[in-house]
Every structure is written in structure tokens, then in C-alpha cells.
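Secondary and tertiary structure notes
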Amino acid sequence: MAACRRVQRLLLLMFICGWIGSAHGGKPDAENPADNLERGKNAAGDGKASALDGASSVRRSGGWKLAEEAACREDVSRICPKHSWNNNLAVLECLQDRKDETEIAADCNHLLWNYKLNLTTDPKFESVAVEVCKTTISGDIHSQGEVIACLEKGLVSEAEEQPGQYTIKEDCKKAIMRVAELSSDDFHLDRHLYFACREDRERFCENTPAGEGKVYKCLFNHKFEESMSDKCKDALSTRQKLIAQDYKVSYSLAKACKPDLRKYRCNMDTSMPRAREAKLSYLLLCLEAAVHRGQTVSGECQGEMLDYRRMLMEDYSLSPEIVLHCRGEIDTHCSGLHHKGRTLHCLMRVSRDKGILEGHCQKALQTLIQETDPGADYRIDRALNEACESVIQTACKHIRNGDPMILSCLMEHLYTDKMVEDCEHRLLELQYFISRDWKLDPILYKKCQNDAARICHTHGWNETSEFMPPGAVFSCLYRHAYRTEMQGRRLSRDCKTEVQRILHQRALDVKLDPELQQRCMTDLGKWCSEKTEAGQELECLQDHLDDLVPLCREVVGNLTELESEDIQIEALLIRACEPVIQSYCHEVADNQIDTGDLMECLVANKHQKEMNEKCAVGVTHFQLIQMKDFRFSYKFKMACKEDVLKLCPNIKKKVDVVICLSTTVRNDTLQEGREQRVSMKCRKQLRVEELEMSEDIRLEPDLYESCGQDIKQHCQNVVFGNAQVIECLKEKKKQLTQQCHQKVFKLQENEMMDPELDFQLMRVCKQMIRRFCSESDAKNMLQCLKQNKNSELMDPKCKQMITKRQITQNTDYRLNPVLRKACKADIPKFCQGILNNAKDDNELEGQVISCLKLKYADQRLSPDCEGQISVILQESALDYRLDPQLQLQCTDEIPRLCAEEVAAQEQTGQVEECLKINLLKISHEGCKKEVLNILKESKADIFVDPVLHTACALDIKHQCAAIPPGRGRQMSCLMEALQDKRVRLQPECKKRLQDRIDMWSYAAKVAPAEGFSDLAGQVFTSPAKNYILSMLAMCVILLFLMGLFCGRITKRVTQELKDR
């Protein structure tokens, strides 16, 4: 209180001037005429000035009693209890409290006003302050209200625990607050504030009448105007701080809210100290709780509350807890930002960026946000209001001004073109604190308070638990929001809608999810420090799910599982995908309850022209995250949960679960008569998952990991998606590493068994499948396409894709399920040597098929196998690329001898014909042998020789129409016709047949029979087999006749010699 002593002499002079003015019956200052008129009830006007003047002089003596004044004696005896009559302050409090309930005489009112005026200007502060505060005030005290002002500042400093403050006794504190309360209706009664703000009052509040605290409120509203004087600002701040400590220091607030305070028993809490329940914060919390419960609070009171909530948000210094606990943050980060709530928002930003979860400053800020409740009316937050005014006028103009939905509207437009940067920052700073207490969102609280009490065991709006972590109630609500009836208690529909709204907002920023931020603080710093764009932090955490600490992994996993059920929680993704949703998914998007249908629709339409890059990336990212845990795929989880527990326990990764269930389905299918162990609904959803996984190699983690190096080396510039990387690896298969090669082979084997899993084939041939194979089973899709490959209506791109798949199939019989089944007995019978030398998951480069071709020429295959080999022979005869052994052995000869034929757009067997013609020029023995095999195979069936078949098509029709194809029958027919001079063949056919005879003769010389079986085979497959067989028969008959007629060649032995 040293400051009080330094002004004593100046105060003495001011007091003398004031005392002289008072002795002449006037007011002790030079008031405006308007102010004198406002009093209206002076002594002269009532004819009782002398009595009041006399009372004024008597009042200077120590024994003067207010209750004994003639003007008030009757009112005091009627209203106030007798034991208080000897205490002027008690009488004043009594009359002050009851004047709104009962009429008090005009003379008494005037006497009370003068007494209150003198009470604040009397240097001796005789009847009140000196007696109570004599240990606080030392020396002579003479002032014009400065003593009270000094004590008030000391009271404020003590509340803020400022360094060097003087401790004021409790009785003195009460007296100071009571004096402040008594001067609350008229600013003239606060002498210090009156003198400090006289000019500002004229400037800003000239037309505001004195009384009922109106001038105070007017000055409060202009406190941050640039032209407001510093001394007035200081005086106003002191009074506002006193109001914060005791709401009764505000006349208008105390008067407006008195009935409501009594109605809702806000000042009758016996378990709480009187000082606590008098605080402005307690009043606000108590009455706000009543409003949130749906109870009625008068409009006048709500208006006053709104003004003071705005006042607290504008000036942080009015909250002692913030001044005390946030002093360091203010000095370090927020100095010089005092005006219009900017300091508070600066503190919010510091707290949000630093993530202080347990700090005292954080708690003080959280308490202030609850007291002011800006979520109920954004206008309470002046900094937010000013920053977002333009956005509200454009994006939220359809919402009533002051409606709580304004904040929700602003959140919906976060990170959109309509949002401005300053508004974005202020909004996120406020939402950071609102998100930590579900009660601060009034709409959520209104819709969910019953559910929260029933399910989460919450208390009233203004009751908090120190043991409940931030966001715990909301976490409880959203866990129950997505439960089924089978899983237990669920939220009401209205509550669930609001929970979904909040979840959509929180997905925009991880800091809006208290549980996530608290548990993942370390991981965010470790893995995601560079992810600063909207929504990137959560994506980063999902990408590193396996690397997170257990607590963080749990909360991220739960949130991801929730997103799988309701992808609209991912607000940024939904915005990016709006064109696709409107075009293809609007029906499922309009459903109030999303059960994974929207994401399934987006995946199915991921390659539509409306799909933009952001949406495609977001959808693919979600697909990749789903691979980490089958629970992240809601529809799959719900369809297969029981099957997974029964058949694939302890398996977590989705891809492993899919493989486990798929293997079970396949095994059950192969074992005829066995009942399927996987349920029908799971099998259907399993099919969807398998098809989705085929679209991107990254959705096959095992394959992607095994081929990572190969992708970088051979497919670096290939874009993921549309199975393009997988297709690239297939084309570069011979150059792949052993590990990757085996995985790709296994993938191709699965695709050939189930062509629907071949994404590229299904995509390129989508229209052709509809045209030719709409009724075909999915397993036979490729077979159907092959059969219609040469149709005039076949799309060229699809035809090219079919050819690719045929080339792949012919590299290994295991890649041709139809052939494998048809030749199940023939392959081990004739080609066991090749199988013994084969390696798992490595192509046999067509060796088994070549083996079967030779046996086909020897006519030793079973009918089913012969039919399939015949088809392969016909196809490969038209396109040399379908004969892998020919390609392998003739790698150099084909481009050297047949470059022109290779370059032809359409392959019609010209390359094989070229090799046959140039057989003598072929130097590579392996290539020569393959061409000779082709010649050998062509003897067995004319369809295997497409050039000859085309040349002789007319002759076959005329000469061999009755002869069925196969087993060389039609070829023998043509040879007989060639030898028959009576038959005239087409010149081209005749020429081609003669060429074939020459080739076969050369082949017989170059590649003679290697055994009796080969010799017999050559005879039976030869076009001249009848001639050869006839000659052999004649030789046998001739030998028989010679033996019959010429007798024995050896000497006859007599019987006697035998018997010796």
C-alpha cells in the first residue's frame, strides 16, 4: 500500500475542495447540468434542503446514525431488522437490497444517495472503511475517492497474486466490495472512475442517462476504442475485475438476474463459501446450466449475461486465474495483444500448438471457455466474430445471427474456398477447447444429455469431475453411436446425428480429438512432424499404425474402424469425391446410416472420368489402411466376423484373413460333397474384397513387398492403380528376381483359375464380356472370350489382351485350368520326366504342352486331352507367340528370316509358314527341331496348318466333306486326291500339298525315327500309310510263301541222332 501513502498530500488538497463543496449543500464536484437534473430529487426541489444539509454536517461526527435520520426513520423501522440500526452500513445494505421490492420515501432515497457519495469521498471513511481497514491504511488519508480506488486495486492485485502485493484482511475485503456494490447504480458514486472518465463519458456516452449502471455499461463497450484515455481504461478494468469477483458490483446484472438466481437457487449453495458463489463465473455457470437444461431464464438476464460473457472473452485480465497461471505464456508469446480478445486467442494457439494437457494455464483457459460459453453464441468471442464476419455473411447467411449452428457452419467450410485464413485460425483455436468438453457444444449437449447420463453416467452441465479426462464423455458417446442392437445400448437418433457431426469436424484436425492427441503426442512428433496439411496427420498415423505405441495404436485403430462404417467422417475426402458421389453414389450417400456402402461405391467407381486425383488418392489410402486389419473394413468385418473367429483365429491382417477364408472356400469346393464351412454372406463379401485387392499391387502387401526392388527397376514410371504395375511385372516376368517371379506366377495361377480377379482383363474387355459372355460363369470368362476372339465384333484392345493371356497360359499347363483338368492323367503318363525336373512356381516354358503336342501327333492322348491340345495347336499355328518353345528356340531365327511376317498387324500363321519354307536356312538345332515338330503335328490335323487349310478349304469341302476332322483323316483324304489323276485340286492347294510332301520327306531324313514306336507312329501318321502298309503286307506274304515252297534251309537231322 505504499502507493496510497505517496498520494496523501494530493488527496488532502482534493478532500478540502470536496468538503467545501459539500458544506455548501452542493455536490462535491463540478457535475454537468444534465447530471444535476438526472438526480431530480435534490433538497431544494423537495423543500427539505436544510434538513439534509444539517444531516450532512452532523454526519461528520462519529455518533451519527443513518437509522435516526428523520427522512429514513420510518423506512428503516419498517424494512430493516432492529439489530442492524446501529450499523450504518448494515442499514444501507438493507435499504439498497429492498428498494426494488418496496417503495422508499423520496427524501430517504436522496439521503441514501448523498451518503453513498460521501462514503466514497470521505477521507476518514469514518463509519465503514477506517474501522475495518485501520491496519491496512496508515497515516493521514484525505482523498477524492482515491482511498477506495487504491484499496480496490490492492484487492485485485491480491486476487492475481502479483509480486509485492499487500495482504488485505477478509473484513476489509468485504467492506471494499460492499462499497463498490453500493456505487454500482450510478457512476458518479465511484469518484475515482468518475474523475478518470469524465471526458470519455462526454465522448462516447453523452446521451446515456446516469443510473442503473447504464453509463458503466456504455463505457465498458467502448473500452478498447483507440480514443479512450488510458486512465479511464485502467479505472474501467479495475471495476470489471471487481465484478468478476462479485457479480453484485454490476447493478444491471444483479437486478436483471435476481429472480432467476433465486429461482434456480444459484446463491444458496451451503456447501460452497460465500465468496465463491458470489463470483461472476459461478453466476454464469449456474444460469447457463439452467438454460442448457431447457429451463427458462428471463430475456433481460440472458442479455446481461451475454454482455459479461463477451466482456470476459475480450479482456483476459478480468480472469485472475489466467493472469496468475498464464503469466509466462503471455510474456513469452502474447505480449502487446491485449485488445479485443486477441491475447486469449494467442494463449489458445500456444496451448493448442504445445499440446499442454495438464498445465494450470490450460485449465484456466478451459474454465473461462466454459464460463463464457462461446459455443452457444459466436458473437461472445469478439476476435472470432471479427475474423469470420465475411465468411458468415457468404457461407452461413441462411442461419439466424447468434445461432449455435454458425460455428458448425464455419467448421463445414473449413479448408474451402470460402474460408479466410484469419477466421480459420481463430476457429480452430476455439474449437480446440470446445472439443475437450462435450458440454461446450450446446446442440450436442441438448440432444445427448439424456443419453450421456444414461450410458456414460455424467452429471449436470456445470458439474465437472477431476478424474474424467478431456473428451472422455464424447468418446463414450461415439463408441455407443455405432453399436447394433445386439451389442447393447445405443444412442437416440438425434444424439447419433450430432455425434456424427462432431466426428466429421474432428476429422479435419487431430488436435480436435483430445484422446487421440493425448495418446499420440509422441508418435505425431516422431512420424508426422512434417505433415502439416489438413488431414495429413491422421493419414500419417494410419500409415505407421504398426509402428505406433500401443495406446496410440488402439485409438487410431478405433477411429479407423469407425471411419470404415461411416466414411463421411472423413470430411475432406467426401469434399474431394463430391463429383463422383453425385454421379454414381448419391443414393448410398443420402442414407442416414452408412454401413460401408459409400466407400464400396467409391472404390467401384475409382476409375471413372469424374474421379479427380485427390479423391482417388484418398480412396486408395483408405483401401491400403484396410489391409492392416480386417476390422477396418466394416462390411467384411460384419459379414465374416464369426467365420474368422472359427476358421482363422489369431489372424489380424485383412489380406491374411482373405487368403485364409479363400483357401477354405476353394478346398471345400474341390472336395465334392463337402459342405461349405464359410457362410454364404461371408463368401459374397469375400468375393468383393478379392476383386478390390486385384486393382492395385499395394493392396497385396506380400506381393508388393516381394517385388519392391523389381518395381523400382522395371516399372518405376508406371502409375499405381488399374493393376498397371501388376501388368508391368507380368510383361517383365523373365527379368524379375526369383522371389518376385514366384509371387507373380502364383498370382497368374490364381487369376487363370478365376479370371474375375484379373483386373486388367475385366477392365479392357468389360464391353465384350457383356456382349459375348453375359451368361457365362465367372470361372469360364476367359474361355468364353477366347472362343469369340476372332469374331468381327471383337474389340481390338480386348483381342490383344486375350492374346496376352493365351501366351501366358501356354507357358505352363498349370496356368490353363481347363487343360490341366482334361489332361490330368496324360501329363504324368507321358511327361513325367519334365515334371521331375520342374521347380515350384516357375514356368516350364511350354515343355509339358510341347510334350502333349507330340503325343497328339502320335494319337496317344485321351479324348478330352486331345480336344484341348487340338485347340492349342490351332491357336498357336495362327500366332507363333502362343508357342513358347518355338519363341524360345527361334529367338534369333524369327527376326532374321521372318521379319516382315512378324511385323504384320494380324497373325495368321505366316511366321510358322516362313520358318517351314526356310527350314534349310535354320542353323540353330533347337529351332530346327521345333519347326520339324510343327511339320509332324500338321500331319495329324490339317487345322494345325492354317496356310494349307486356307488354300485347300474348297477342296476339303468338295472331296472330303464326309470325313470328320482329326487324327490326320482329312490330310490323308487330300493326299489320296493328289495322287488320283481323276481329281482336279485347286492350283494353290496342289502346290501347298506338294510343298508339304517335300518338307515331310526332308523332315524324315533330318529327323529319322528314334525307336520302333516313333517308326510306327510315322507310318500311321504318314499320308502314304496305306501304300507302306500294303508293301509291308506283301513282304510278309512273300516270306511265308518262300518258306512254304522252298523248305528248310538247314540240314535235316535223323531221329536216330536225336535219340542218342
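Since the model is a prediction, treat every value here as computed from it, not as a measurement. (Residues numbered from 1 in each chain as written. Predicted model: local features only at pLDDT ≥ 70, side-chain atom pairs only at ≥ 80, totals over all residues. Heavy atoms only, no water.)

**Remarks on the overall build of the chain**
Helix and strand counts for the chain stand at 66 helices and zero strands. Partitioning the contacts of the chain with sequence separation of at least 6, the portion at a separation of at least 24 is 63%. Accessible surface, the chain: about 52200 Å² in total, of which carbon and sulfur atoms supply 51%. (Helix = DSSP H or I, 4+ residues; strand = E, 2+ residues; numbered from the N terminus. Contact = heavy atoms within 4.5 Å. Areas by Shrake-Rupley, 256 points an atom, 1.4 Å probe, with all protein chains shown as cover.)

**Considerations on the packing of helix 15 (residues 251-263) against helix 18 (residues 299-314)**
Here helix 15 crosses helix 18 at 135°, and the two axes come no closer than 8 Å. In terms of axis orientation, helix 15 runs oblique to helix 18. By crossing handedness, the relation of helix 15 to helix 18 is classed as left-handed. Residues Ser252, Leu253, Ala256, Cys257 and Asp260 of helix 15 lie in contact with helix 18, whose contacting residues are Glu300, Cys301, Glu304, Met305 and Tyr308. (Axes fitted to C-alpha atoms, helices over the stretch in contact; angles between N-to-C directions. Parallel < 35°, antiparallel > 145°, perpendicular 65-115°, else oblique. Left-handed = near helix turned anticlockwise from the far one by under 90°.)

**A few points about the state of the cysteines**
Applying the stated criterion to the full structure yields 27 disulfides. Covalently, Cys205 is tied to Cys218 through a disulfide, its sulfur atoms 2.0 Å apart. Taking the torsion about the S-S bond as the criterion, the Cys205 to Cys218 disulfide, at about -100°, is left-handed. Of the two residues, Cys205 sits in the loop between helix 12 (191-204) and helix 13 (214-221) while Cys218 sits in helix 13, which places them 13 residues apart along the sequence. (Disulfide = S-S within 2.5 Å.)

**Here we look at unusual backbone geometry**
Note: most peptide bonds trans; most residues except glycine with negative phi. We note that Asp373 has phi near 50°; this positive angle belongs to a residue other than glycine. Its location among the elements puts Asp373 in the loop between helix 22 (360-372) and helix 23 (382-387). Unusually for a residue other than glycine, His457 sits at a positive phi of about 60°. His457 gets classed as exposed once you look at its relative accessible area, which sits at 56%. (Buried < 20%, exposed > 50% of the residue type's maximum accessible area, 1.4 Å probe, protein only.)

**Here we look at helix 12**
Given a rise of 1.5 Å per residue, 14 residues ought to cover 20 Å, and the 19 Å separating the end C-alpha atoms of helix 12 matches this to within 8%. The principal kink in helix 12, of about 60°, is found at Cys197. Of the positions making up helix 12, those classed as buried are Arg191, His192, Leu193, Tyr194, Ala196, Cys197, Asp200, Arg201 and Phe204. (Expected span 1.5 Å × (residues − 1). Bend = angle between axes of the 7 residues up to and from the residue.)

**Points about the packing of helix 28 (residues 472-481) against helix 29 (residues 493-506)**
Packing of helix 28 against helix 29 leaves a shortest axis separation of 10 Å and a crossing angle of 115°. The orientation of helix 28 relative to helix 29 falls into the category roughly perpendicular. Relative to helix 29, the crossing made by helix 28 is left-handed. Every residue of helix 29 that contacts helix 28 at Phe474, Leu477, Tyr478 and Ala481 is listed here: Cys495, Lys496, Val499, Ile502, Leu503 and Arg506.

**Focus on helix 28**
By the criterion of burial, helix 28 is predominantly enclosed, with eight of the ten residues buried. All buried positions along helix 28 are accounted for by Val473, Phe474, Ser475, Cys476, Leu477, Tyr478, His480 and Ala481. The inward-facing, buried residues of helix 28 contact helix 27 (442-456), helix 29, helix 30 (514-519) and helix 33 (550-565).

**A look at a nonpolar patch on the surface**
A surface patch of nonpolar side chains, about 580 Å² in accessible area, is lined by Ile1037, Phe1040, Leu1041, Leu1044 and Phe1045. Relative to the helices and strands, Phe1040 is located in helix 65 (residues 1025-1046). Residue Phe1040 is classed as exposed on the basis of its relative accessible area of 58%. (Patch = residues over 30% accessible without salt bridge, like charges linked within 9 Å, V, L, I, M, F, W, Y side chains within 5 Å. Salt bridge = Lys/Arg side-chain N within 4 Å of Asp/Glu carboxyl O.)

**Some thoughts on the pattern of salt bridges**
Tallying each qualifying case throughout the model produces 59 salt bridges. Residue Asp315 pairs with Lys223 through a salt bridge whose shortest N-O separation is 2.4 Å. Separated by 92 residues along the polypeptide, Asp315 in the loop between helix 18 and helix 19 (320-325) and Lys223 in the loop between helix 13 and helix 14 (230-245) bring together distant segments of the chain. In this structure, Asp315 and Lys223 share a single accessibility class: buried. Where Glu988 meets Arg992, a salt bridge forms, and the shortest distance between an N and an O atom there is 2.9 Å. Taken together, the residues span about one helical turn, with Glu988 and Arg992 both in helix 63 (residues 987-1006) at a distance of four residues.

**Quick look at the packing of aromatic side chains**
Counted under the stated rule, the structure contains eight aromatic pairs. Seen in terms of ring centroids, Trp438 and Tyr445 are 5.1 Å apart; in terms of plane orientation they differ by 45°. Their pairing is tilted. Side by side, Trp438 and Tyr445 carry an identical accessibility label, which is buried. Aromatic pair Phe630 and Phe636: ring centres 6.5 Å apart, planes at 85°, arrangement edge-to-face. Per residue, the accessibility class of Phe630 equals that of Phe636, and both read buried. One cation-aromatic arrangement involves Arg436 over Tyr432; the distance from NZ or CZ to the ring centre is 3.7 Å. (Phe/Tyr/Trp six-rings, centres within 6.5 Å; stacked < 30°, edge-to-face > 60°. Lys NZ or Arg CZ within 6 Å of the ring centre and 35° of its normal.)

It is worth stressing that arrangement in space is one thing and function is another; only the former is reported here.
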